[in-house]
Each structure stands twice: as structure tokens, then as C-alpha cells.
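A structural walkthrough
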Amino acid sequence: MISYFLPERGESLNNLFMAKSRPPKKIIEHTREVLEFFTSLKKLYPKAFEDKVWKAIEIAINHHDYGKINSRFQNIIYEDMNLDARLPDILDSEYKKAGVIQIPHGILSMFFIDYETVCQELGENIAKIVLMAVCYHHDRDMEISRRLLGKVVNEDLKQYLTEFASYLGLEN
């Protein structure tokens, strides 16, 4: 299990990539726990689904919380954890214009899925199901500005991609 840490006072705060504040849990830690449950379920009921469906579920689990790396979500978590530091909120005025506090992380998470690769491996219908499962794994009834969504994906999330890939142990 990955140990939880907080920066010392005065240290710079990089994105801690937190999934939850109570109890404090990092995205990678939470994802590993869900994957452990998935593995147990697959061992108990190996014939419940075709291999393609099991693979689709695994892809959805791996990606379901990646959208939480955005500054808005992380700052809400840091505040709940009583941390003084905050990440730069480069799109604050855009959120205010759109009249929203944040974009749901499930919607942002689907942008981390390589749709074309999933289509090639599992077929277009299953790839669409994976995207929808990730996008709507929490039910949110709200309108999202396409303009704001584009800015969050291309400006906010993008600034953490290299660090997040390293955090996940992925090679570029």
C-alpha cells in the first residue's frame, strides 16, 4: 500500500493526486483497491463475462478517477484536509463565467482513455460503453459548457500529465 504523505510546511506543493480526503487516499491507492476487488470478483465468477467485457471493466476501473487530477478538485480536497497550500486555479474566471464550481471528474476521466486503441482491442460498441461507464460512474445532473470543458482538458489537466504519468509509473 502506498503511504500517504503531506508536504512539510514551506515545501512546494506538487499535485498530490488525491482521490479522497476522508480518509486521505491517493488516486493510485484507491484505484489499486478497486482493482483488487475486481480481481477477487473475476476469480470468484470467471465465467460471468466474456474476456472482452472483463477487459472493458478493467480499463474503466483504471481510468475512472484520473479526472481528479484537475486543480479545482485537488484544491477542494486539500481544503477539506486543512492544507494551507493550493494549486494554481488558472481557469477560475472561466468557471465563474460558466456558473459552475467544477466539472465532474468522471467526464474529465474519459479523456484519458485511448479510444482508438480500445476500439481496436474490444470493438467500437464496447469502447463506447467504457467511455460512458467512466464518464457517468457518479450520476451528475448538470449542463457542462463545451468551451470550459475544452479549456480544463487542454490547459488545466495538461499541466499535470507528465507528473501524473510518472506518478503512475508510465513511460513516455
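Below: a short report on this structure. (Residues numbered from 1 in each chain as written. Predicted model: local features only at pLDDT ≥ 70, side-chain atom pairs only at ≥ 80, totals over all residues. Heavy atoms only, no water.)

**Focus: helix H8 (residues 146–156)**
For clarity, the cut-off: Using a 1.4 Å probe on the protein chains alone, a residue whose accessible area is under 20% of its type maximum counts as buried, one over 50% counts as exposed, and one in between counts as partly exposed. Helix and strand definitions follow DSSP, with helices as H or I runs of at least four residues and strands as E runs of at least two, each counted in order from the N terminus. The directions from the helix axis to the C-beta atoms form the arc being described. Any two residues having at least one pair of non-hydrogen atoms within 4.5 Å are treated as being in contact.
Residues Leu148, Leu149, Val152, Val153 and Asp156 constitute the buried set of H8. Down the axis, H8 shows its buried residues gathered within 130° of arc, on one side only. Next to the buried residues of H8 lie helix H3 (71–80), helix H4 (92–98) and helix H5 (105–109).

**Some details on the layout of surface pockets**
Rules: Buriedness of a pocket was judged along seven lines, with at least five required to meet protein on both sides within 12 Å; pockets are open sets of points on a 1 Å grid over the protein atoms alone, cavities are sets where a 1.4 Å probe fits but cannot get out, and lining residues have an atom within 4 Å of a point. Grid points are joined across faces, edges and corners, and a volume is the space filled by probe spheres set on the points. Each residue is assigned to one of three groups, with Ala, Val, Leu, Ile, Met, Phe, Trp, Tyr, Cys and Pro labelled nonpolar, Asp, Glu, Lys and Arg labelled charged, and all others, Gly among them, labelled polar.
Put simply, the largest pocket is a space of about 410 Å³. In terms of lining residues, the largest pocket is bounded by 20 residues, among which His63, Tyr66, Phe112, Leu168 and Leu170 are the most central. For the lining of the largest pocket, the secondary-structure elements that each account for two or more residues are helix H1 (27–44), helix H2 (51–63), helix H6 (115–122) and helix H9 (161–168). Counting residues per element, the lining of the largest pocket draws most heavily on H9, which supplies five residues. Among the residues forming the lining of the largest pocket, the class breakdown is 11 nonpolar, four polar and five charged.

**Comments concerning the pattern of salt bridges**
Stated formally: Salt bridge, as used here: a side-chain nitrogen of Lys or Arg that lies within 4 Å of a carboxyl oxygen of Asp or Glu.
For the structure on display, the rule yields 10 salt bridges. Of the charged contacts in the structure, one is a salt bridge between Lys96 and Asp92, with a shortest N-O distance of 2.9 Å. Of this pair, Lys96 and Asp92 are both found in helix H4, four residues apart, which corresponds to roughly one turn of the helix. Look at Asp92 and you get partly exposed, because its relative accessible area is 26%. In this structure, the salt-bridge partner of Arg147 is Glu94, at a minimum N-O distance of 2.3 Å. In this pair, Arg147 sits in helix H8 while Glu94 sits in helix H4, placing the two residues 53 residues apart along the sequence.

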